[in-house]
Amino acid sequence: MSNSHLVVVGSGIAGLYGALLAVEAGSRVTLLTKGSLAQSNTHQAQGGICAVLAEGEAAPGDSVEAHIADTLKAGAGQCDPEAVRILCTEAAADIAALERFGVRFDSDATGRRSLGLEGAHSAARILHAGGDATGAAIADGLIAAIREQAALGLITLLENCFATELLTAPTDAHDGGTPPQAVIAGIAYLDSQDARQTFGADAILLATGGAGQLFEFTTNPHVATGDGVALAWRAGAVLADLEYFQFHPTALAVGENFLISEAVRGAGAVLRDVNGEAFMTRYHPEGDLAPRDVVSRSIAAHLATLAEIARSAGETEGPAHVFLDASGIEEANGAGYLARRFPTIDAATASLGFDWRHDWLPVAPAAHYWMGGVVTDLLGRTTIPGLYAAGEVACTGVHGANRLASNSLLEGLVFSRRAVATFTSSANGATTGQQSHPVTQSWPVTSDGATALEGIRNHPAGLGRETLRHLMGQHAAVVRDASGLQQAETALQAGSAHEQGAVRGRGSAHEQASARQQLEDQNVQLVAGLLIRAALARENSVGAHYRSDFPQSPGLSAPNSFRESNYWINPDAHLTTIEPQRESETV
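In this text, all values refer to a predicted model and were calculated from it rather than measured experimentally. (Residues numbered from 1 in each chain as written. Predicted model: local features only at pLDDT ≥ 70, side-chain atom pairs only at ≥ 80, totals over all residues. Heavy atoms only, no water.)

*Asks:* Would you take a moment to explain helix H16 (residues 515-537) for this structure?
*Replies:* Each α-helix turn comprises 3.6 residues. Residues three or four places apart therefore point the same way. The end-to-end C-alpha separation of H16 is 33 Å, in line with the 33 Å expected for 23 residues at 1.5 Å each. The buried fraction of H16 amounts to 18 of the 23 residues, a majority that puts the element mostly inside the structure. (Helix = DSSP H or I, 4+ residues; strand = E, 2+ residues; numbered from the N terminus. Expected span 1.5 Å × (residues − 1). Buried < 20%, exposed > 50% of the residue type's maximum accessible area, 1.4 Å probe, protein only.)

*Asks:* Where do I start with the nonpolar core in this structure?
*Replies:* Membership of the largest hydrophobic core comes to 63 residues, with the highest contact counts inside it found for Ile49, Phe105, Ile138 and Leu142. Each residue touching phenylalanine 105, except ones within four places of it in the same chain, is listed here: Ile49, Ile95, Leu98, Glu99, Leu127, His128, Ala129 and Ile138. (Core = buried A, V, L, I, M, F, W, Y, C linked by side-chain atoms within 4.5 Å. Contact = heavy atoms within 4.5 Å.)

*Asks:* Mind showing me how you'd approach the packing of aromatic side chains here?
*Replies:* Two measures describe an aromatic ring pair: the distance that separates the ring centres and the angle between the ring planes. Applying the stated criterion to the full structure yields ten aromatic pairs. Chaining the aromatic ring pairs together yields one cluster made of Phe215, Phe245, Phe247 and Trp370. A cation over an aromatic ring shows up here: arginine 100 above the ring of phenylalanine 101, its NZ or CZ 4.6 Å from the ring centre. (Phe/Tyr/Trp six-rings, centres within 6.5 Å; stacked < 30°, edge-to-face > 60°. Lys NZ or Arg CZ within 6 Å of the ring centre and 35° of its normal.)

*Asks:* Quick question: what am I supposed to make of the sheet that holds strand E18 (residues 451-452) here?
*Replies:* The strands making up a sheet associate through hydrogen bonds between their backbones, and the pairing can be parallel or antiparallel. Pairing is mixed across the open sheet formed by five strands, whose spatial order is E17-E15-E10-E19-E18. Bordering the open sheet on either side are strand E17 (394-395) and E18, each of which pairs with just one other strand. Where strand E10 (residues 239-240) and strand E15 (residues 373-375) come together, two bridges link them in antiparallel fashion. The residue of E15 that forms the bridge with alanine 240 is glycine 373. Docked against the sheet, helix H7 (residues 227-235) engages E10, E15 and strand E19 (567-569), running at close to 45° with respect to E15. (Pairing = 2+ DSSP bridges. Axes fitted to C-alpha atoms, helices over the stretch in contact; angles between N-to-C directions.)

*Asks:* Could you clarify how one ought to interpret the side chain of histidine 475 in this entry?
*Replies:* Along the polypeptide, histidine 475 turns up in helix H14 (residues 465-475). The buried category is assigned to histidine 475, whose relative accessible area is 18%. Dropping the residues within four chain positions of it, histidine 475 is found in contact with Arg480, Gly484, Leu485, Gln487 and Ala488.

*Asks:* Got a minute to help me understand the pairing of strand E7 (residues 182-190) in this structure?
*Replies:* Counting buried residues along E7, nine of its nine residues qualify, which places the element largely inside the surrounding structure. Bridge count for strand E6 (residues 162-170) against E7 is eight bridges, and the pairing is antiparallel. Each residue of the ladder has a partner; that of proline 170, found in E7, is alanine 182. In the sheet, E7 pairs with strand E8 (residues 196-200) via five bridges, with the strands oriented antiparallel. Bridge assignment links tyrosine 189 to a residue of E8, and that residue is glutamine 197. Counting the residues in the hairpin turn of E7 and E8 gives five residues, including aspartate 194, whose phi is positive at 65°.

Structure (structure tokens):
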């Protein structure tokens, strides 16, 4: 049994599942998360998790090959086909593992798992738990298992702790005259009292989730501030596909942008404009069940058309949102169906004064999921030895330019398991006297081919959070162009320069902010700059990235077309080195 130490950063599905599997494999595990264990995108996920189950349990006519084809099609020719094959073929085994950890999926009257249909899926293969509370059911089951292991002393839990830096050490693993490569040796963080702490580790699994808080309208929780991408960038890991940010088309246009699951449209809800027109068939043959990027762009285009009509009629502005009409679902399935099938949405809409059995819900696109992130191979390894990544923070290539509905939770499962299996098998195979993690051996993932992205500086945040989010919503959201992106970049840079001067003059606008708030704001500004630069670099339109000044596709229309990603590396990476102290020598 290995005595290796894995630090897991993040408590969504990838972090929770990976931590449990590492404990089962005999590793010592520290799970660090900046909020409570339940504060994650996973916990808020409604729609479900998809998998093609075993014969007799899957929907009639469905197959793994069909799931692969749907994923590749949604990804707009930008998926890694091998990553997609792995995701879809290994899905059923990880669903079974979730059930082993106490997660229970909804079943029909015969006791078989219920399967739902969502946009861009060719068959019903979406599993739900608690109706529309799938993420919460999965997270709660895994959290209960985590706390059991923690009570036994097998997992060290560090809640309300904010990771600030990846610590590295030199190694002799290099070829010929190349310099020694830095490897993961520990982590620095702010504890619950905002005091800086550090400890050593054999490896780190980044599972920090996404960055929806970059935008004014988002379905993501307040903790989704791109921290993992910022950590990895500063440490010198390669990033990719940063321009691909998916906007969910049906977030409530009131309150805090509560998400109305894709499953609602799968059940028969229809998007309508202010005039009552079911407009989606104007824009795509699949209508309301078109891929998310198509639906979001179609809403934006339709609103622009209505605004132009309003201006022609002498009105100052057009409508700011469209409507989701779910009344037909209740009519088709009988009284009480919406409340039974979608209890979370039913309660949320009622609390805002809507009776969605009859009322149309005002909806608009909101930032939902980042396909880009920290580059990994198919085993979860980044370009820094000892650093793994899984879930939304990672870029495995499985989603391409646009994620297929309900593939995100699945990706967190499949690739965190593969990352942990790689770490534990390597650690168990290390010879006596070596470091637990064989970082002295060749690490197969390199930064070859990555472009140095100049001018992205790690400055104090100069813009207020709300100002930045509005800026990104105006210029880097569903529809982009060079002029708007450049305006956003200029504003970010000007804000950073102003804040640097304020800090030097002890007049910082953030003087009263906590150390944690300042660092989180810095992360948000850093990843906003990265996304803007990546969006400027891609002068075509594909998937979730749409440039109105470059509307043409990159010429990759077939689902199996060659992936054309941009890979970026920080030329000013600050690799903080510490002595490679093994955790067995410390507390």
